[in-house]
Amino acid sequence: MGSPAVRRTAFALASLLALALLCATPAAAQSVNRNLIRELNTQLLYVALPLAVFVEVILLYAVIRFRNNPDPRPTIDSPNLEITWTAATGIILLFVGVSAYVVLGTPYLSPGAGAQSIDAADGSAAEGDAVVVRGLAYRYDWEFEYPASNVTTRGLLVLPAERDAVLRLSSADVIHSLYVPDLGVKQDAFPGQYTRIRTRPTQTGTYRGYCTELCGVGHSRMRADVVVLSQSAYEDWLASHEGESNVTAAPEPRN
């Protein structure tokens, strides 16, 4: 067990374990969406890590145990062993499927019906207590409209913390896609249709949104600032810009 190959293998396994534990360390999420995704990844990691270590240990054992075998022979058939690992695989896949279904079935990751005709939907339709924002993508910028306050911004999305927000996205030309990594938000925008995103930011701050659908020569410049404010600061911001269009100045996040 003291050979260089064995030591390297043991070091690699220890590094894999340390990296996995580091990735599994919980950290504050900036939205409900991102927290749900992180929890799912952590659950799957707790399943994948022991399996990876187990397989590598068996491989290491086989390499060392049979490294000088002058007369290798095929493995003897073992129905019990085959039934065991088949059943174990089925249980693991069932766990993964149920865990993914529970998370992906939430309204924050599956916000409802898919793309619908703009003519058949009212962008100001009731969404409970959620803030409703209409988003329009075009080459190569974003426009966000707040129907309740008659405010329109360009390249700027302002949302309140600790409150649901529904974004109704559409496109003026080609397919675009809004992606805000820190909030765990990603949704395509189609011409002549709208899609929905539901999110609930939990931390105030300024985040960056990107277009992740190749849309032309200016695709790399198609970005948006996403500012999350406290509820009172959000209401003050709306009131101060009521009736304005093409607002681009980002407010300073404050508690």
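Residues numbered from 1 in each chain as written. Predicted model: local features only at pLDDT ≥ 70, side-chain atom pairs only at ≥ 80, totals over all residues. Heavy atoms only, no water.

Visitor: Describe the overall build of the protein, with residues and values.
Guide: Helix and strand counts for the protein stand at 4 helices and 11 strands. Counting across all 255 residues of the protein, residues that qualify as buried make up 34%. Nonlocal contacts in the protein, meaning residues at least 24 apart in sequence, comprise 69% of its contacts between residues at least 6 apart. (Helix = DSSP H or I, 4+ residues; strand = E, 2+ residues; numbered from the N terminus. Buried < 20%, exposed > 50% of the residue type's maximum accessible area, 1.4 Å probe, protein only. Contact = heavy atoms within 4.5 Å.)

Visitor: Before we move on, can you summarise the pattern of salt bridges with the specific residues and values?
Guide: Summed over all chains, the structure comprises 7 salt bridges. As a salt-bridge pair, aspartate 225 and arginine 208 come within 3.4 Å of each other at their nearest N and O atoms. You can see aspartate 225 sitting in strand S11 (residues 223–229) and its partner arginine 208 sitting in strand S10 (residues 205–211), a full 17 residues away along the chain. The exposure class assigned to aspartate 225 is partly exposed, which follows from its relative accessible area of 27%. (Salt bridge = Lys/Arg side-chain N within 4 Å of Asp/Glu carboxyl O.)

Visitor: Could you give an account of the nonpolar core, with specific residues and numbers?
Guide: In this structure, Trp142, Phe144, Tyr146, Leu157, Val158, Leu178 and Trp237 are the most contacted members of the largest nonpolar core, which totals 35 residues. For this core, the element with the most residues is S11, which contributes 5 residues. Apart from residues no more than four positions distant in its own chain, valine 158 is found in contact with Tyr146, Val227, Leu229, Tyr234, Trp237 and Pro251. (Core = buried A, V, L, I, M, F, W, Y, C linked by side-chain atoms within 4.5 Å.)

Visitor: Outline the pairing of strand S5 (residues 156–160), listing residues and values.
Guide: Summarising burial for S5: 5 of the 5 residues are buried, a large majority. Side chains Leu156, Val158 and Pro160 of S5 all project onto a buried face; the interleaved residues Leu157 and Leu159 project onto the opposite face, where all are buried too. Relative to S11, S5 is paired through 5 bridges, and the arrangement is parallel. Each residue of the ladder has a partner; that of leucine 156, found in S11, is aspartate 225. (Pairing = 2+ DSSP bridges.)

Visitor: Account for the sheet that holds strand S8 (residues 185–189), with residues named and values stated.
Guide: The sheet built from 5 strands is open, its strands ordered S5-S11-S10-S7-S8 with mixed pairing. The strands lining the two open edges of the sheet, one partner per strand, are S5 and S8. The sheet shows a mean angle of 20 degrees between the axes of neighbouring strands, taken without regard to direction. By the bridge criterion, 6 bridges tie S10 to S11 in an arrangement that is antiparallel. Bridging across to S11, threonine 206 finds its partner in valine 227. Across the face of the sheet, helix H4 (residues 231–240) comes into contact with S5 and S11 while running at roughly 135 degrees to S5. (Axes fitted to C-alpha atoms, helices over the stretch in contact; angles between N-to-C directions.)

Visitor: I'd love a proper account of helix H2 (residues 32–65), names of residues and values included.
Guide: For H2, spanning 34 residues, the distance from its first C-alpha to its last is 49 Å, which sits close to the expected 50 Å at 1.5 Å a residue. Along H2, the residues classified as buried are Asn33, Leu36, Leu40, Thr42, Leu49, Leu60 and Ile64. (Expected span 1.5 Å × (residues − 1).)

Visitor: Requested: an account of unusual backbone geometry, with residues and values cited.
Guide: Cis geometry is adopted by the peptide bond preceding tyrosine 140, which originates at arginine 139 and carries an omega value of 0 degrees. Within the fold, tyrosine 140 resides in the loop between strand S2 (131–138) and strand S3 (141–146). A positive phi angle is found at asparagine 150, which is not glycine, with a value near 55 degrees. Tracing the backbone shows asparagine 150 in the loop between S3 and strand S4 (151–154). Positive phi is not limited to glycine here, since glutamate 162 has a value of about 60 degrees. In this structure, glutamate 162 sits in the loop between S5 and strand S6 (165–171). Judged by its relative accessible area of 47%, glutamate 162 falls in the partly exposed class.

Visitor: Any details on a nonpolar patch on the surface? Residues and values, ideally.
Guide: The grouping of Leu94, Val98, Tyr101 and Val102 at the surface amounts to a nonpolar patch, some 470 Å² of accessible area in total. As for its placement among the helices and strands, valine 102 is situated in helix H3 (residues 79–104). (Patch = residues over 30% accessible without salt bridge, like charges linked within 9 Å, V, L, I, M, F, W, Y side chains within 5 Å. Areas by Shrake-Rupley, 256 points an atom, 1.4 Å probe, with all protein chains shown as cover.)

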